[in-house]
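Okay, here's what each chain looks like letter by letter:
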Number of protein chains: 2
Amino acid sequence: MPDPQEKKPSRIQLRNRALILEAALDVFSVHGFRGATLDQIAEAAGLSKPNILYYFAGKEEIHVTLLNQLMETWLDPLVEMDANGDPLPELLAYVQRKLDMARDMPRESRLFAGEIITGAPHMLPHLKADLKPLFDEKCAVIQGWMDAGKLAPVDPRHLIFSIWSTTQHYADFAVQVGVLMQSDDAAPGADAYLHALFSNLLTPKT
Amino acid sequence: MPDPQEKKPSRIQLRNRALILEAALDVFSVHGFRGATLDQIAEAAGLSKPNILYYFAGKEEIHVTLLNQLMETWLDPLVEMDANGDPLPELLAYVQRKLDMARDMPRESRLFAGEIITGAPHMLPHLKADLKPLFDEKCAVIQGWMDAGKLAPVDPRHLIFSIWSTTQHYADFAVQVGVLMQSDDAAPGADAYLHALFSNLLTPKT
DNA sequence: TCACTTTTTGACCAATTGGTAAATACACGA
DNA sequence: TCGTGTATTTACCAATTGGTCAAAAAGTGA
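This one's a predicted model, so the numbers in the text were calculated from it and none came from an experiment.

Trainee: I'd like a description of the relation of the copies chain A and chain B, backed by residues and values.
Mentor: Mapping chain A onto chain B calls for a screw motion: a turn of 180 degrees about the axis and a shift of 0.0 Å along it, with 0.0 Å RMSD after fitting. One copy is carried onto the other by what is essentially a two-fold rotation axis. Closest approach to the rotation axis within chain A is made by the C-alpha atom of Gly-35 of chain A, at a distance of 2.1 Å.

Structural data, given as structure tokens:
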């Protein structure tokens, strides 16, 4: 058994663990945890099932590893929103970062969505311990901006929900978007539209 | 075997089919098609597994029945948007109807989301055949309103996407919303926020 | 009440699934 | 080149899963 805690993982270990996680992301993001099978992951990774279980203790550990990996970057765009920056540009830049993230990591977005839809059995503790404080902090920052008259006053919580939902939509509902946009690429239009949506809402009315 | 096509279904048939669909909606909406089991559905319905298969030919038929049932009402709010109505109120009323729907039918919303995330294996034909034409038609209506100067000009397609995503978010991500709103009920605030969001965007700048 | 239909159940199956164990093949430093 | 730990595979298991079937039970109308 490889023990990632002690000893350096070998080149093969590094490569195969990455291979497995990549394949598992493909499978879990589409079928969810219960709907995915080790055989699917094995085939997608080009490894045998027992070989996969040589690198991970079980299906659940693969899933948890992916979620932990995701949690490290998922909140970055929000973390980067700077209380000392220019309010409106700061918020619009946050929207843009979330949109870029949905574009660059659609599988991760769907993995997250699936986890939440199923009741967040693995991530609920994380949501309460990490997301909630960050959410409250950033809501307070936004509220401060609004109190200072730098932004039009709206409920910061629903503002953030709407930023999450509108941006992630392009990843989570990509199939539907694809059908409706036909050959058109949704990407450029979404940028401009969301910019207009949120700057119209937040630009203070003098 | 009951044959719903011919003969009136008995009182027992009506009751048990409804019982099964209700239970299946609970289970499918949380675990998705592949992740749900007949045993779970049977237990939730309070019936034995073979008894369930007496009313439905198989797991898939239950799922398809639910999706078909959903498709009948899912697009209603958009259908009701009247080209002859007052543009801005008409659109805001659509937002409200979608929001009400997310509140009244959160399981159906999650069932739909799960189906799309997994690549819409069952609903893709429906999306292309029914949703696409409706979408195009309503986009044209909105575009007409904008051309007439009744609404601020934005891409109608992304406008509709944002209406869908913001409203459905309260159903699909209810767990997350619950954690972040704490004891607060999200409902009243969401109404006001989304009203402000879309009326600010769409009110024409004279 | 009785015959007949509908509904329900218990026992069962074959396929799939997550996982194991032992044997084998491989990589790599001495 | 050889020996030793690493990687991989082959052959399995036990549990779960979707589904079947015939018999029993419960309705139902005359």
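Trainee: Tell me what's going on with the packing of aromatic side chains, and back it up with residues and numbers.
Mentor: Given two aromatic rings, their pairing is described by the distance between the two centres and the angle made by the two planes. Enumeration over the complete set of coordinates arrives at 14 aromatic pairs over all chains. Look at Tyr-54 of chain A and Tyr-55 of chain A: their rings are 5.0 Å apart centre to centre, the planes differ by 80 degrees, and that puts the pair in the edge-to-face class. Since its relative accessible area comes to 44%, Tyr-54 of chain A is described here as partly exposed. Tyr-55 of chain A sits in the buried class, given a relative accessible area of 8%. Taken together through their ring pairs, the aromatic side chains of Phe-135, Phe-161 and Trp-164 of chain A together with Tyr-170 of chain B make up a single cluster. Positioned above the aromatic ring of Phe-33 of chain A is the side chain of Lys-59 of chain A, whose terminal nitrogen or guanidinium carbon lies 4.8 Å from the ring centre.

Trainee: Requested: an account of the interface of chain A and chain B, with residues and values cited.
Mentor: Interface size is often expressed as the accessible area that is lost when the parts come together. On the chain B side, the residues contacting the 54 residues of chain A number 54 residues. When chain A packs against chain B, the two sides together hide about 4800 Å² of surface, and 72% of this comes from carbon and sulfur. Among the residues of chain A in contact with chain B, Ile-117, Leu-180 and Tyr-193 of chain A are the three that bury the most area, contributing 16% of the side total. One can count zero salt bridges joining chain A with chain B.

Trainee: An account of the layout of surface pockets is needed here, citing residue identities and associated values.
Mentor: A volume near 560 Å³ is recorded for the largest pocket. Taken together, 34 residues line the largest pocket, and the ones lying closest to its centre are His-31 and Gly-32 of chain A together with His-31, Gly-32 and Thr-118 of chain B. Of the residues contributing to the lining of the largest pocket, the split by class is 12 nonpolar, 16 polar and six charged.

Trainee: Go over the protein's contact with DNA strand D with me, naming the residues and quoting the values.
Mentor: Near DNA strand D there are 18 residues, and of these Ser-10, Asn-16 and Tyr-55 of chain A together with Leu-38 and Lys-59 of chain B occur at the shortest range. For DNA strand D, the fraction of atoms within 4 Å of the protein that belong to sugar or phosphate moieties is 55%. Separating a phosphate oxygen of DNA strand D from a backbone N or O atom of Ala-36 of chain B is a distance of 3.2 Å. Secondary structure elements with two or more residues in the surface near DNA strand D: α1 (11-35) and α3 (49-55) of chain A together with α3 (49-55) of chain B.

Trainee: With reference to specific residues and values, describe the side chain of Gln-176 of chain A.
Mentor: Mapped onto the elements of the fold, Gln-176 of chain A is located in helix α10 (residues 174-181). Beyond its immediate stretch of four places on either side in the chain, Gln-176 of chain A contacts His-169 of chain A together with Phe-112, Ile-116, Leu-127, Leu-131 and Trp-164 of chain B.

Trainee: Any details on the nonpolar core? Residues and values, ideally.
Mentor: Residues Leu-91, Leu-159 and Phe-198 of chain A together with Leu-91, Leu-159 and Phe-198 of chain B are the most contacted members of the largest nonpolar core, which totals 140 residues. With sequence-adjacent residues up to four places away left out, Leu-159 of chain A is seen in contact with Leu-91, Ile-142, Met-146, Val-154, Phe-198, Leu-201 and Leu-202 of chain A together with Tyr-193 of chain B.

Trainee: I'd like a description of the protein's contact with DNA strand C, backed by residues and values.
Mentor: In the vicinity of DNA strand C there are 19 residues, among which Leu-38 and Lys-59 of chain A together with Ser-10, Asn-16 and Tyr-55 of chain B approach most closely. Between DNA strand C and the protein, one listed contact pairs a phosphate oxygen with a side-chain N or O atom of Arg-34 of chain B at 3.3 Å. For the surface near DNA strand C, the secondary-structure elements that each account for two or more residues are α3 of chain A together with α1 (11-35) and α3 of chain B. By residue class, the composition of the surface near DNA strand C is eight nonpolar, seven polar and four charged.

The rules we used
Residues numbered from 1 in each chain as written. Chains lettered and ligands numbered in written order. Predicted model: local features only at pLDDT ≥ 70, side-chain atom pairs only at ≥ 80, totals over all residues. Heavy atoms only, no water. Least-squares fit on C-alpha atoms with pLDDT ≥ 70 in both. Phe/Tyr/Trp six-rings, centres within 6.5 Å; stacked < 30°, edge-to-face > 60°. Buried < 20%, exposed > 50% of the residue type's maximum accessible area, 1.4 Å probe, protein only. Lys NZ or Arg CZ within 6 Å of the ring centre and 35° of its normal. Contact = heavy atoms within 4.5 Å. Buried area = accessible area lost by both parts, 1.4 Å probe. Salt bridge = Lys/Arg side-chain N within 4 Å of Asp/Glu carboxyl O. 1 Å grid on protein atoms, 1.4 Å probe; cavity = no way out; pocket = protein on both sides within 12 Å on 5 of 7 lines; lining within 4 Å. Points joined across faces, edges and corners; volume = space filled by probe spheres on them. Nonpolar A, V, L, I, M, F, W, Y, C, P; charged D, E, K, R; others polar. Near = heavy atom within 4 Å. Polar contact = N/O pair within 3.5 Å; in protein donor to acceptor, adjacent residues only side chain to side chain. Helix = DSSP H or I, 4+ residues; strand = E, 2+ residues; numbered from the N terminus. Core = buried A, V, L, I, M, F, W, Y, C linked by side-chain atoms within 4.5 Å.

Keep in mind these numbers describe shape, not what the thing actually does.
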